[in-house]
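# Analysis of the macromolecular model
Here is what each chain is made of, one letter per residue.
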Amino acid sequence: MFLHLLNQAQKQCFCNVVRFIVTADGVVDEKEKRLLAMAQRELALDELPPRITSLALLATQLNVFDSPLARNVLLIESVAAAMADGDIPKSEMEVLEGICDCLKMPREKISECTGFAKKFHDLIQEGEKLVFTEQ
């Protein structure tokens, strides 16, 4: 949605964040795999950056999101990624809360982003039906 607003370092870090989010619950379903592939293509990354394996490591990398715009893009895109499989499991919510804490953003912003992401996912599904349904 808004990834084009990030610089290259932020894009690479975002890709790491998405990988960390979708693997946080220990299950990477097909929708999440497609999301990772789509993010890699959209971000024009030849390969995925090294994987983040803990909230502590995540915190050390988030400093590239050095403006309110970049932080907002990170959060809304991260929430949308967490919702790729339809809901946000507790483990993925903990990552989102960790992002907010690291960036000194109010956790309530996750709820705002969740409302938007639900509408976005619904529109994507509606569009896919229109595009991929044979007449």
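Chains are numbered independently. Their residues run from 1 in the order of the written sequence. Whole-chain, interface and lining totals are the exception, using all residues; otherwise, since this is a predicted model, local features are given only for residues with pLDDT of at least 70 and side-chain atom pairs are given and counted only at 80 or more. The side-chain figures draw on all heavy atoms in the structure; neither hydrogens nor water molecules are used.

### Examining helix α4 (residues 68-82)
Here is the rule we go by: Put simply, DSSP H or I for four residues or longer makes a helix, DSSP E for two residues or longer makes a strand, and each gets a number counted from the N terminus. By this rule, a helix spans an expected 1.5 Å times one less than how many residues it contains. Whether a residue is buried, partly exposed or exposed follows from its accessible area with a 1.4 Å probe, protein chains only, as a fraction of its type maximum: under 20%, in between, or over 50%, in that order. By definition in these notes, contact holds between two residues if any of their heavy atoms fall within 4.5 Å.
Compared with the 21 Å implied by 1.5 Å per residue over 15 residues, the 21 Å span of α4 between its first and last C-alpha is a close match. Of all 15 residues that make up α4, 11 are buried, and the element is covered over most of its length. Among all positions in α4, only Ala70, Val73, Leu74, Leu75, Ile76, Glu77, Ser78, Val79, Ala80, Ala81 and Ala82 are buried. In this structure, the buried side of α4 is in contact with α1 (8-23), α2 (30-42), α5 (90-102) and α6 (108-132).

### Side note on the packing of aromatic side chains
The line we're drawing: Two rings from Phe, Tyr or Trp (for Trp, the six-membered ring) form a pair when their centres are within 6.5 Å of each other. A pair whose planes differ by under 30 degrees is stacked, one over 60 is edge-to-face, and the rest are tilted.
Enumeration over the complete set of coordinates arrives at 2 aromatic pairs. Both rings, one in Phe2 and one in Phe116, keep their centres 6.4 Å apart while their planes meet at 40°; by these two values the pair is tilted. Taken together, the residues Phe2 in the segment before α1 and Phe116 in helix α6 connect sequence positions 114 residues apart. For Phe116, a relative accessible area of 33% translates into the label partly exposed. Taken together, a centroid distance of 6.4 Å and an interplanar angle of 15° make the contact between Phe116 and Phe120 stacked. In this pair, Phe116 and Phe120 both sit in helix α6, 4 residues apart, roughly one turn of the helix. Members of the aromatic cluster, connected to one another through ring pairs, are Phe2, Phe116 and Phe120.

### A short note on the packing of α4 against α6
Which entries qualify depends on this criterion: Angles here are taken between N-to-C directions and fall from 0 to 180 degrees, while the axes themselves are lines fitted to C-alpha atoms, restricted in helices to the stretch in contact. Convention used here: angles under 35 degrees read as roughly parallel, angles over 145 as roughly antiparallel, angles from 65 to 115 as roughly perpendicular, and any remaining angle as oblique. Crossings are classed by handedness, with left-handed meaning an anticlockwise turn of the near helix from the far one by less than a right angle and right-handed meaning a clockwise turn. Residue type decides the class: Asp, Glu, Lys and Arg count as charged, Ala, Val, Leu, Ile, Met, Phe, Trp, Tyr, Cys and Pro as nonpolar, and the leftover types, Gly among them, as polar.
Where α4 contacts α6, the axes come no closer than 8 Å and their chain directions differ by 55°. Relative to α6, the element α4 lies oblique. Considering only the axes of α4 and α6, their crossing is right-handed. Note on element contacts: α6 touches α4 through Lys109, Ile110, Cys113, Thr114, Phe116, Ala117 and His121, opposite Asn72, Leu75, Ile76, Val79 and Ala80. Taken together, the residues that form the contact of α4 with α6 break down as 8 nonpolar, 3 polar and 1 charged.

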